[in-house]
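Here is how the chains run, residue by residue.
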Amino acid sequence: MEEMQELSRREVALLRATAANRVDLTRSAEPDVRVDGLPFCDPTTARSLVHAGLIEAATPVAPGHRAPARLTSAGAEALGMAVLVA
(Lines give C-alpha, C1' and ligand atoms only; values in the text may rest on other atoms or scores of the structure.)
Protein backbone atom coordinates (compact mmCIF):
# COMPACT_ATOMS: atom_id res chain seq x y z
CA MET A 1 0.00 0.00 0.00
CA GLU A 2 1.42 3.37 -0.95
CA GLU A 3 1.45 6.22 1.57
CA MET A 4 -1.47 8.65 1.24
CA GLN A 5 -1.23 12.25 2.35
CA GLU A 6 -4.14 14.25 3.76
CA LEU A 7 -7.34 13.34 1.94
CA SER A 8 -9.08 15.82 -0.34
CA ARG A 9 -12.80 16.48 -0.04
CA ARG A 10 -13.35 14.45 -3.21
CA GLU A 11 -11.46 11.48 -1.75
CA VAL A 12 -13.44 11.70 1.47
CA ALA A 13 -16.69 11.86 -0.52
CA LEU A 14 -15.76 8.70 -2.43
CA LEU A 15 -14.79 6.89 0.77
CA ARG A 16 -18.11 7.89 2.35
CA ALA A 17 -20.03 6.73 -0.73
CA THR A 18 -18.15 3.43 -0.57
CA ALA A 19 -19.01 3.03 3.11
CA ALA A 20 -22.67 3.65 2.17
CA ASN A 21 -22.55 0.80 -0.42
CA ARG A 22 -23.04 3.18 -3.36
CA VAL A 23 -19.81 2.32 -5.24
CA ASP A 24 -18.81 -0.46 -7.61
CA LEU A 25 -15.62 -1.02 -9.57
CA THR A 26 -14.11 -3.20 -12.26
CA ARG A 27 -11.39 -5.68 -11.49
CA SER A 28 -8.49 -4.43 -13.61
CA ALA A 29 -5.08 -2.78 -13.36
CA GLU A 30 -6.85 0.58 -13.73
CA PRO A 31 -10.32 0.02 -12.28
CA ASP A 32 -13.32 1.99 -13.43
CA VAL A 33 -15.29 3.28 -10.46
CA ARG A 34 -18.99 4.16 -10.47
CA VAL A 35 -21.11 5.85 -7.81
CA ASP A 36 -24.85 5.22 -7.96
CA GLY A 37 -24.30 3.58 -11.36
CA LEU A 38 -22.59 6.64 -12.87
CA PRO A 39 -18.87 7.03 -13.66
CA PHE A 40 -17.05 8.84 -10.85
CA CYS A 41 -16.14 12.38 -11.95
CA ASP A 42 -12.42 11.95 -11.20
CA PRO A 43 -11.14 8.54 -12.30
CA THR A 44 -7.57 9.40 -11.32
CA THR A 45 -8.60 10.03 -7.72
CA ALA A 46 -10.73 6.90 -7.63
CA ARG A 47 -7.91 4.77 -8.96
CA SER A 48 -5.44 6.26 -6.49
CA LEU A 49 -7.70 5.20 -3.60
CA VAL A 50 -7.86 1.67 -5.00
CA HIS A 51 -4.09 1.52 -5.58
CA ALA A 52 -3.47 2.91 -2.08
CA GLY A 53 -5.48 0.01 -0.66
CA LEU A 54 -8.32 2.11 0.76
CA ILE A 55 -11.05 0.65 -1.49
CA GLU A 56 -11.32 -2.87 -2.88
CA ALA A 57 -13.80 -5.21 -4.54
CA ALA A 58 -16.14 -6.72 -1.97
CA THR A 59 -16.49 -9.97 -3.90
CA PRO A 60 -14.15 -11.85 -6.21
CA VAL A 61 -14.93 -11.35 -9.90
CA ALA A 62 -13.24 -12.15 -13.18
CA PRO A 63 -10.99 -9.47 -14.71
CA GLY A 64 -13.05 -6.76 -16.41
CA HIS A 65 -16.21 -7.53 -14.44
CA ARG A 66 -17.83 -5.25 -11.87
CA ALA A 67 -18.11 -5.87 -8.15
CA PRO A 68 -19.47 -3.85 -5.26
CA ALA A 69 -16.72 -1.86 -3.57
CA ARG A 70 -15.93 -1.80 0.13
CA LEU A 71 -13.58 0.08 2.38
CA THR A 72 -10.51 -1.78 3.53
CA SER A 73 -9.49 -1.46 7.17
CA ALA A 74 -7.01 1.21 6.02
CA GLY A 75 -9.83 2.99 4.18
CA ALA A 76 -12.06 2.94 7.25
CA GLU A 77 -9.19 4.28 9.33
CA ALA A 78 -8.43 7.01 6.79
CA LEU A 79 -12.11 7.96 6.64
CA GLY A 80 -12.33 8.13 10.41
CA MET A 81 -9.31 10.39 10.52
CA ALA A 82 -10.62 12.52 7.65
CA VAL A 83 -13.98 13.00 9.35
CA LEU A 84 -12.22 14.23 12.49
CA VAL A 85 -10.27 16.89 10.60
CA ALA A 86 -12.97 17.84 8.06
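Located above this text is the structure these notes cover.
The rules behind the values
- Note on numbering: residues in each chain are counted from 1, in written sequence order.
- Per-residue local features are limited, in this predicted model, to residues with pLDDT of at least 70; the limit for side-chain atom pairs, both in listing and counting, is 80 or more; totals at the level of whole chains, interfaces and linings are taken over all residues.
- With hydrogens and water set aside, each side-chain value is computed from the structure's full complement of heavy atoms.
- We treat two strands as partners when DSSP finds at least two bridges between them.
- Labels follow the DSSP assignment, with helices taken as runs of H or I lasting at least four residues and strands as runs of E lasting at least two, numbered in each case from the N terminus.
- Residue contacts are defined here by distance: any two heavy atoms, one from each residue, within 4.5 Å place the two residues in contact.
- Fitting a line to C-alpha atoms yields each axis, with helices limited to the stretch in contact; the angle taken between N-to-C directions then spans 0 to 180 degrees.
- We call a set of buried Ala, Val, Leu, Ile, Met, Phe, Trp, Tyr and Cys residues a nonpolar core when their side-chain atoms join them within 4.5 Å.
- Throughout, exposure labels follow a simple rule: accessible area from a 1.4 Å probe, protein chains only, divided by the maximum for the residue type, with under 20% read as buried, over 50% as exposed, and the rest as partly exposed.

Draft legend 1. Spotlight on the pairing of strand S5 (residues 66–71). Both strand S1 (residues 23–26) and S5 contribute to a ladder of three bridges, which runs antiparallel. Directly across from Thr26, in S5, lies its bridge partner Arg66. Looking at chain direction, strand S4 (residues 55–57) and S5 are connected through three bridges and run antiparallel. Residue pairing across strands places Ala57 opposite Ala69, the latter belonging to S5.

Draft legend 2. Examining the sheet that holds strand S3 (residues 38–39) more closely. If you trace the five strands from one edge of the open sheet to the other, you get S3-S2-S1-S5-S4, paired in antiparallel fashion. Sheet topology places S3 and S4 at the edges, where each strand pairs with a single neighbour. The strands that helix H1 (residues 9–19) touches are S1, strand S2 (33–35), S4 and S5; relative to S5, the one it contacts most, it runs at about 110°.

Draft legend 3. Up close: the nonpolar core. Ranked by internal contacts, the top residues of the largest apolar core, which has 19 residues, are Leu14, Leu15 and Ile55. Of all elements in the fold, only H1, S1, S2, helix H2 (43–51), S5 and helix H3 (73–85) reach the threshold of two or more residues within this core. Sort the elements by how many residues they give to this core and H1 lands first, with four residues. Setting aside residues no more than four positions away along its own chain, Leu14 makes contact with Val23, Val33, Val35, Phe40, Ala46, Leu49 and Ile55.

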